[in-house]
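Structural characterization, general
The lines below spell out each chain.
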Amino acid sequence: MCLSMKQRKIYKELSKTADRYVMGGRRMCGRFRLDSEIDEIAAKYRVDYKEVDEYNVGDFYPSQGAAIILGSGRRVLTLAKWGFTNNYNRSIVINARSETITERPMFKDSFYSARCIIPANLFYEWKDEGKSKKVKYKIGLKGRDLISLGGIYKLSIDENQKKHISFVIITTEAEGDIKDVHHRMPLIIDDEKLGLWLDNNTPLQLVKELLKPSDSLKFKIEKCEDKLSQPNGEHYEQMSMF
């Protein structure tokens, strides 16, 4: 595949900023994909109000704006930035481990009262096959076009009274065939439990139960070409998303 000079420049910029994306001290970058129509997303999640009517479809990276579903009672579809800012070193934290989310000061308040869903069609993972070789896989759910990734968010207001929302994706131990690719995976909320996840009135113990990976999910996992590896043979996607 031939890439334009503009595409190569974008990919190089992504690679330069990758070291700023961390989870619990581990450097990483990440990617998921969403290209469903905005009305399809709104219908799937029974959204009461849309703050956006369109978005840039395709692959999403840390620090980019992505569609999320939030709201306890009244569901809202809006855009939010992927990643919490770590004020200690100005890095961007993109994931929260389910095992420690209630203990970490950065995450626990949002877990109690600001849970969200990040719609995705699929996510990517890179399998370490030794000798510095990483193979890219795209991972989706069999029989479902949209995957409901579990996350938490923060809301802030700047000096101009403008609202800013950021989110992180929660991760769990890998289930099923994903274990053959990586030991971690994003938290996936079953369709019938979306209300429980979003509702702030759900008992805390029940919410904690939702943090456990479901063993009923059936995944479709396929190797795929990493387009970021193409220009001049350089490889820009080195680290795991989760």
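Looking at the overall build of the chain
- The secondary structure content of the chain amounts to five helices and 17 strands.
- For the chain, the residues scored as buried account for 48% of the 242 residues in total.
- Carbon and sulfur atoms make up 45% of the accessible area of the chain, which totals about 12,600 Å².

What about the side chain of threonine 202?
- Among the structural elements, threonine 202 can be located in the loop between helix H4 (194–198) and helix H5 (204–210).
- Looking at threonine 202, the relative accessible area reads 9%, which means it is buried.
- A polar contact of 2.8 Å, which involves the side chain of threonine 202, links it to the backbone oxygen of leucine 196.
- Setting aside residues no more than four positions away along its own chain, threonine 202 makes contact with Arg115, Gly195, Leu196 and Val207.

Considering the pattern of salt bridges
- Across all of its chains, the model carries 12 salt bridges by this definition.
- Lysine 50 is the salt-bridge partner of aspartate 53, the closest N and O atoms lying 3.9 Å from each other.
- Here aspartate 53 falls in the exposed class, since its relative accessible area comes to 60%.
- Taking the shortest distance from any N to any O, the salt bridge between glutamate 99 and arginine 184 comes out at 2.8 Å. A residue pair is termed long-range when its members are at least 10 positions apart, and glutamate 99 in the loop between strand E10 (95–97) and helix H3 (108–113) and arginine 184 in strand E16 (residues 184–186) qualify at 85 residues.
- For arginine 184, a relative accessible area of 1% puts it in the buried group.
- Within this structure, Arg31, Arg33, Asp35 and Asp59 form a network of salt bridges that share partners.

Examining the environment of glutamine 64
- Tracing the sequence through the fold places glutamine 64 in the loop between strand E5 (58–60) and strand E6 (65–70).
- Along the backbone, glutamine 64 and tryptophan 82 are 18 residues apart, and their C-alpha atoms lie at a distance of 5.7 Å.
- Side-chain polar atoms of glutamine 64 contact the backbone nitrogen of tyrosine 61, separated by 2.8 Å.

As for the nonpolar core
- If you look at the biggest cluster of nonpolar residues, it comprises 60 residues, and the most contacted ones within it are Phe32, Leu77, Phe107, Phe167 and Trp197.
- Filtering out sequence-adjacent residues up to four positions away, leucine 77 remains in contact with Ile38, Ile41, Ala42, Val47, Tyr49, Lys50, Glu51, Val52, Ala67, Ile68 and Ile69.

What about the pairing of strand E15 (residues 163–173)?
- The element E15 is largely enclosed, with a buried count of eight among its 11 residues.
- Sheet topology note: the strand E7 (residues 76–82)/E15 ladder contains two bridges and is parallel. If you follow lysine 81 over to E15, its bridge partner there is serine 166.
- Summarising the sheet, E10 and E15 pair through three bridges and their orientation is parallel. Pairing of asparagine 95 across the sheet is with isoleucine 169, part of E15.
- Bridge count between strand E14 (residues 147–157) and E15: seven bridges; the pairing is antiparallel. Bridge assignment links serine 156 to a residue of E15, and that residue is histidine 164.
- Linking E14 back to E15 in an antiparallel pair, the connection comprises five residues, with glutamine 161 at a positive phi of about 65 degrees.

Rules used throughout
- Residues numbered from 1 in each chain as written.
- Predicted model: local features only at pLDDT ≥ 70, side-chain atom pairs only at ≥ 80, totals over all residues.
- Heavy atoms only, no water.
- Helix = DSSP H or I, 4+ residues; strand = E, 2+ residues; numbered from the N terminus.
- Buried < 20%, exposed > 50% of the residue type's maximum accessible area, 1.4 Å probe, protein only.
- Areas by Shrake-Rupley, 256 points an atom, 1.4 Å probe, with all protein chains shown as cover.
- Polar contact = N/O pair within 3.5 Å; in protein donor to acceptor, adjacent residues only side chain to side chain.
- Contact = heavy atoms within 4.5 Å.
- Salt bridge = Lys/Arg side-chain N within 4 Å of Asp/Glu carboxyl O.
- Core = buried A, V, L, I, M, F, W, Y, C linked by side-chain atoms within 4.5 Å.
- Pairing = 2+ DSSP bridges.

Geometric descriptors of this kind do not, in isolation, establish any biological role.
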